[in-house]
Amino acid sequence: MDLAYTDEEEAFRARLREWLAAELPTLPPRPDPLDWPARRAYDCGWQRRLYDAGYGEVHWDASPTRRLIFLEETERAGAPYVGANFVGLLHAGPTVAAEGTPEQRKRWLEPVLRGDEVWCQGFSEPDAGSDLAALRTRAVRDGDAYVVTGSKIWTSHAEVADWCELLVRTDPDAPKHRGITWLAMPMSSPGITVRPLRTLAGSTEFAEMFLDEVRVPVGNRVGDENDGWRVTMVTLSFERGTAFVGEVVACRRVLGELARAARENGTWDDAVIRRRLGRLAAEFAALWRLTQWNVSEAEATGGVPGVGGSVFKLRYSHARQELYDAAAAVLGPDALDLGREWNLDRLSSLSYTIAAGTSQIQRNIVAERILGLPKGR
């Protein structure tokens, strides 16, 4: 498989670099990372700048390779991350682009690209654990609407969202993977209660959400009724396959900074630390090549990442934790100071083996869909 970039793609990279160099110095100061309403305004303002400059389309109307270049260059330049726009830009939007009707694409995609609307993810439930298909939030058809009752947890960015990508059970008598439907729910609907959850790092980007007979128009269904599990696999393929791409670049940058810090404070003299950092450098280099392979495969098969995304997500989530454990070793006692660089990232890294499907689920996918091993009983 050819992983080289074409001349046209390299020209796109050069234009983007030039634009970033001119635009980034004009940005206002970044808000308090724990203030999500302020972060929403900041993140959406950055997204509007991208849109006005012609870079809004990279998240779904551009080729996967061009999207990869965009994520690589914006991270290397230190540009703002998608932040509050994570769900809309990196998996709800691409899902609507791949599975939605022309009317749905027209209604939902442009506002996300302009930074006008933010989405949250309503997938996980308190009683489902790692088994997403065990969800019990119920949707009953009533004329031209679904009446939804239930609860969700770890609802990413719910407190600042306009829309929710919501999984509901529309046929409780069907096998659990076949009675699920994917809905786009307006967060302004009556009957929705959002309670922010404070993470170990002090942020509230997650929330629990309670739904009490919330009416969602049937026209907001993406895909057919009871076909939501297949649509969800499209969503998760984006979440696992390309949503973390920019973070791999960020981890490689952090690793370089960590090596410099080790040289400055003397921990570089410890052969064990040098070995850890060297192995991590090889790990992230391999993950970057795997990312390129996954993107090339997606480009050849219609733009939706394949099961290779599970291989990437599985290894990346553990490598990220190992990176920040190494940072703690370099910092020594300063690793207990949450005001020091890398320490909050170390806390947040603990969630990566759970987010977007636990490592146990990813191992099952790799075993069954790639290695062809039999399913457990």
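Everything discussed here concerns the structure shown above.
These lines cover the structure that appears in this document, whether it is placed above or below. As the structure is a computational prediction, the values presented were derived from the model and not from experiment.

The rules behind these values
Residues numbered from 1 in each chain as written. Predicted model: local features only at pLDDT ≥ 70, side-chain atom pairs only at ≥ 80, totals over all residues. Heavy atoms only, no water. Axes fitted to C-alpha atoms, helices over the stretch in contact; angles between N-to-C directions. Helix = DSSP H or I, 4+ residues; strand = E, 2+ residues; numbered from the N terminus. Parallel < 35°, antiparallel > 145°, perpendicular 65-115°, else oblique. Left-handed = near helix turned anticlockwise from the far one by under 90°. Contact = heavy atoms within 4.5 Å. Buried < 20%, exposed > 50% of the residue type's maximum accessible area, 1.4 Å probe, protein only. Polar contact = N/O pair within 3.5 Å; in protein donor to acceptor, adjacent residues only side chain to side chain. Core = buried A, V, L, I, M, F, W, Y, C linked by side-chain atoms within 4.5 Å. Salt bridge = Lys/Arg side-chain N within 4 Å of Asp/Glu carboxyl O.

### Let's talk about the packing of helix 1 (residues 7-23) against helix 2 (residues 36-52)
With their axes 12 Å apart at the nearest point, helix 1 and helix 2 run at an angle of 135° to one another. When the axis of helix 1 is compared with that of helix 2, the two are oblique. Relative to helix 2, helix 1 is oriented so that their crossing is right-handed. Contacts from Trp19, Leu20 and Glu23 of helix 1 reach helix 2 at Trp46, Arg49 and Leu50.

### Some details on the side chain of Arg13
Take Arg13: it is sitting in helix 1. The exposure class assigned to Arg13 is buried, which follows from its relative accessible area of 7%. A distance of 3.0 Å separates polar atoms of two side chains, one belonging to Arg13 and the other to Glu10.

### Description of the nonpolar core
Among the nonpolar cores identified, the biggest contains 45 residues, and Trp46, Phe70, Leu258, Phe284, Leu323 and Trp342 are the most heavily contacted of them. Those elements giving two or more residues to this core turn out to be helix 1, helix 2, helix 3 (64-76), helix 7 (245-265), helix 8 (271-300) and helix 9 (308-331). When residues no more than four places from it in sequence are discounted, the contact partners of Leu323 are Cys251, Val254, Leu255, Leu258, Leu280 and Phe284. Counting 27 residues, the second largest nonpolar core, distinct from the first, contains Phe86, Leu90, Ile180 and Leu236.

### Focus on the pattern of salt bridges
A side chain with one charge may pair with a side chain of the opposite charge, provided their charged atoms come close. Overall, the coordinates contain 23 salt bridges when judged by the stated rule. Of the charged contacts, one joins Arg66 and Glu8 as a salt bridge, the two residues approaching to 3.6 Å between their closest N and O atoms. Of the two residues, Arg66 is situated in helix 3 and Glu8 in helix 1; the sequence distance between them amounts to 58 residues. A salt bridge links Glu73 to Arg13, with the nearest nitrogen and oxygen atoms 2.6 Å apart. Of the two residues, Glu73 sits in helix 3 while Arg13 sits in helix 1, which places them 60 residues apart along the sequence.

Honestly, it's all geometry; don't read function into it.
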